[in-house]
Amino acid sequence: MNIGDMMKFKGAWDKFSASHPQFVKFLSFMASSPIEKDTVFRLSVERPGAEKEIKTSIRITESDLELLQLLKSMAKK
């Protein structure tokens, strides 16, 4: 990522953070607390004008934990 892209991202992130502070707090909490095997994530999406909500969930496995740890270490760099 070049410096121009980094600056665009920073500006967009700052705007997103100001618009959605509770979501940013949630992400911060999740990043700072351990995620254990068998943790369940649920996600739902409601689109304007859509007739139904889309829902899904995943149960974290051992291999998921490896990926999450790798992502966490990459985010710190």
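Here the structure is shown first, and the text comes after it.
The paragraphs below set out a description of the structure included in this document. Please read these numbers as outputs of a predicted model, since none were measured by experiment.

Further remarks concern the overall build of the protein chain. Across its full length, the protein chain carries three helices and two strands. Going from N to C terminus, the protein chain has its helices and strands arranged as α-α-β-β-α. Here the C-alpha radius of gyration of the protein chain, 16 Å, is well above what a compact globule of 77 residues would show, namely 11 Å. For the protein chain, the C-alpha atoms occupy an extent of roughly 40 × 40 × 20 Å along the three principal directions. The buried share of the protein chain, taken over its 77 residues, is 6%. Residue pairs at least 24 apart in sequence account for 23% of intrachain contacts in the protein chain once pairs closer than 6 positions are excluded. Total accessible area on the protein chain stands at roughly 7100 Å², and carbon and sulfur atoms take up 61% of it. Here the protein chain carries 13 positive and 10 negative side-chain charges, and the mean point of each set is 5 Å from the other.

Between side chains of opposite charge, pairing is possible as soon as their charged atoms come close. Applying the stated criterion across every chain yields a total of two salt bridges. Where Lys10 meets Asp14, a salt bridge forms, and the shortest distance between an N and an O atom there is 2.8 Å. Residue Lys10 and its partner Asp14 are both found in helix H1 (residues 3-19); the two are separated by four residues, about one turn of the helix. When the shortest N-O distance is used, the salt bridge between Lys55 and Glu53 registers 3.9 Å. Looking at Glu53, the relative accessible area reads 32%, which means it is partly exposed.

Okay, the environment of Asp64 next. Note that Asp64 resides in helix H3 (residues 62-76). The sequence separation of Asp64 and Glu36 amounts to 28 residues, and the corresponding C-alpha distance is 9.7 Å.

What counts and what doesn't
- Residues numbered from 1 in each chain as written.
- Predicted model: local features only at pLDDT ≥ 70, side-chain atom pairs only at ≥ 80, totals over all residues.
- Heavy atoms only, no water.
- Helix = DSSP H or I, 4+ residues; strand = E, 2+ residues; numbered from the N terminus.
- Rg over C-alpha atoms; globule rule 2.2 N^0.38 Å.
- Buried < 20%, exposed > 50% of the residue type's maximum accessible area, 1.4 Å probe, protein only.
- Contact = heavy atoms within 4.5 Å.
- Areas by Shrake-Rupley, 256 points an atom, 1.4 Å probe, with all protein chains shown as cover.
- Lys, Arg positive; Asp, Glu negative; His and termini not counted.
- Charge placed at Lys NZ, Arg CZ, Asp CG, Glu CD.
- Salt bridge = Lys/Arg side-chain N within 4 Å of Asp/Glu carboxyl O.

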